[in-house]
Amino acid sequence: WRHFRSILLLPVTVTLLIPGLILLPSHAIYIGRGLPSAWQIILLSGGLLCLAVGLWLVVQTIALFAAQGQGTLAPWDPPKRLVVRGIYRHVRNPMISGVILILVGESLLVGSGALAAWCALVTLMNMLYIPLLEEPGLEERFGTDYQAYKQHVPRWIPRRDAWDADRAI
């Protein structure tokens, strides 16, 4: 129940509930946007690809937090152990990257400027929140292990090769 509650309150709210509230009153859904067929295919394909990759990232991170970290994605019930497995060996914030990709995909699919603005706001909020609040808390909870992880794994742009924490720590 605790995982389900955190998923409903966080990624579902950000990627489904709020976008729905943005789109429904304005009826601002323009799939295809009157563009030539080739552009429609490119935008729709890009949107579907972003949605698929974003969803994959969110599912992977939730599973790793539950299995490896013994916690949830919610700030009120965070992982008890530092997760440095799977996608976390390439990038420090794959969950937020997944959420942002889902929002980009939705924006491309429905052609909504308002939804693109929501995506930009979510991105900006996380670009401020993570380094200013989340990372200092992680350093406090996990100490030198997190500092080594932070030194070797980038915040947003994934490393090509997976970082081997067992050899580095």
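Not measured: the values here are computed from a predicted model.

A. Spotlight on the overall build of the protein. Along the backbone of the protein there are five helices and zero strands. Mapped in sequence order, the helices and strands of the protein form the string α-α-α-α-α. Residues classed as buried in the protein amount to 36% of the 169 residues present. Considering only contacts within the protein whose residues lie at least 6 apart along the sequence, 71% involve residues at least 24 apart. Of the accessible surface of the protein, which amounts to about 9,600 Å², a share of 68% is contributed by carbon and sulfur atoms.

B. Just the confidence of the model for the protein, in detail. Counting all residues, the mean pLDDT for the protein is 87, and 87% of those residues have values of 70 or more. The secondary-structure element of the protein with the lowest mean pLDDT is helix α5 (residues 165–168), recorded at 67, while helix α4 (residues 113–152) shows the highest, at 95.

C. Geometry of the packing of aromatic side chains. According to the stated counting rule, one finds three aromatic pairs in the structure shown. Ring centres of Tyr146 and Tyr149 lie 6.0 Å apart, and the angle between their planes is 55 degrees; this geometry places the pair in the tilted category. Of this pair, Tyr146 and Tyr149 both sit in helix α4, three residues apart, roughly one helical turn. Of the two residues examined, Tyr146 and Tyr149, each falls in the buried class. Ring centres of Tyr149 and Trp163 lie 5.8 Å apart, and the angle between their planes is 45 degrees; on these two criteria the pair is classed as tilted. Of the two residues, Tyr149 sits in helix α4 while Trp163 sits in the loop between α4 and α5, which places them 14 residues apart along the sequence. For the pair Tyr149 and Trp163, a shared accessibility class is recorded, and that class is buried. Joined through ring pairs, the aromatic side chains of Tyr146, Tyr149 and Trp163 make up one cluster.

D. A look at the pattern of salt bridges. All chains considered together, the criterion is met by five salt bridges. Among the ionic pairs, Glu135 bridges to Arg92, the shortest N-O distance being 2.8 Å. Pair noted here: Glu135 is in helix α4 and Arg92 is in the loop between α2 (37–67) and α3 (94–110), with a separation of 43 residues, a long-range link. For the pair shown, Glu135 and Arg92 are each scored as buried. Notably, a salt bridge pairs Glu135 with Arg155, separated by 2.9 Å at the nearest N-O pair. Of the two residues, Glu135 sits in helix α4 while Arg155 sits in the loop between α4 and α5, which places them 20 residues apart along the sequence.

E. Inspection of the nonpolar core at higher detail. Grouped together as the largest cluster of nonpolar side chains are 31 residues, with contacts concentrated most on Phe65, Ile87, Tyr88, Met95, Leu103, Tyr149 and Trp163. Examining the composition of this core, we find that nine residues originate from one element, α4, more than from any other. Those residues in contact with Phe65 that lie beyond four places of it in its chain are Gln70, Gly71, Thr72, Leu73, Pro79, Val83, Tyr88 and Met95.

F. Focus on the environment of Glu106. Relative to the elements of secondary structure, Glu106 occurs in helix α3. Distance from Glu106 to Leu51, taken between C-alpha atoms, is 7.1 Å for residues 55 residues apart in sequence. Contacts of Glu106, omitting those with residues within four sequence positions, involve Thr15, Leu16, Pro19, Leu51 and Leu115.

G. Representation of a nonpolar patch on the surface in the model. A contiguous nonpolar surface patch, about 520 Å² in accessible area, is contributed by Leu124, Leu128, Tyr129, Leu132 and Leu133. Overall, Leu124 belongs to the partly exposed group, its relative accessible area being 48%.

Rules used throughout
Residues numbered from 1 in each chain as written. Predicted model: local features only at pLDDT ≥ 70, side-chain atom pairs only at ≥ 80, totals over all residues. Heavy atoms only, no water. Helix = DSSP H or I, 4+ residues; strand = E, 2+ residues; numbered from the N terminus. Buried < 20%, exposed > 50% of the residue type's maximum accessible area, 1.4 Å probe, protein only. Contact = heavy atoms within 4.5 Å. Areas by Shrake-Rupley, 256 points an atom, 1.4 Å probe, with all protein chains shown as cover. pLDDT = per-residue confidence, 0-100. Phe/Tyr/Trp six-rings, centres within 6.5 Å; stacked < 30°, edge-to-face > 60°. Salt bridge = Lys/Arg side-chain N within 4 Å of Asp/Glu carboxyl O. Core = buried A, V, L, I, M, F, W, Y, C linked by side-chain atoms within 4.5 Å. Patch = residues over 30% accessible without salt bridge, like charges linked within 9 Å, V, L, I, M, F, W, Y side chains within 5 Å.

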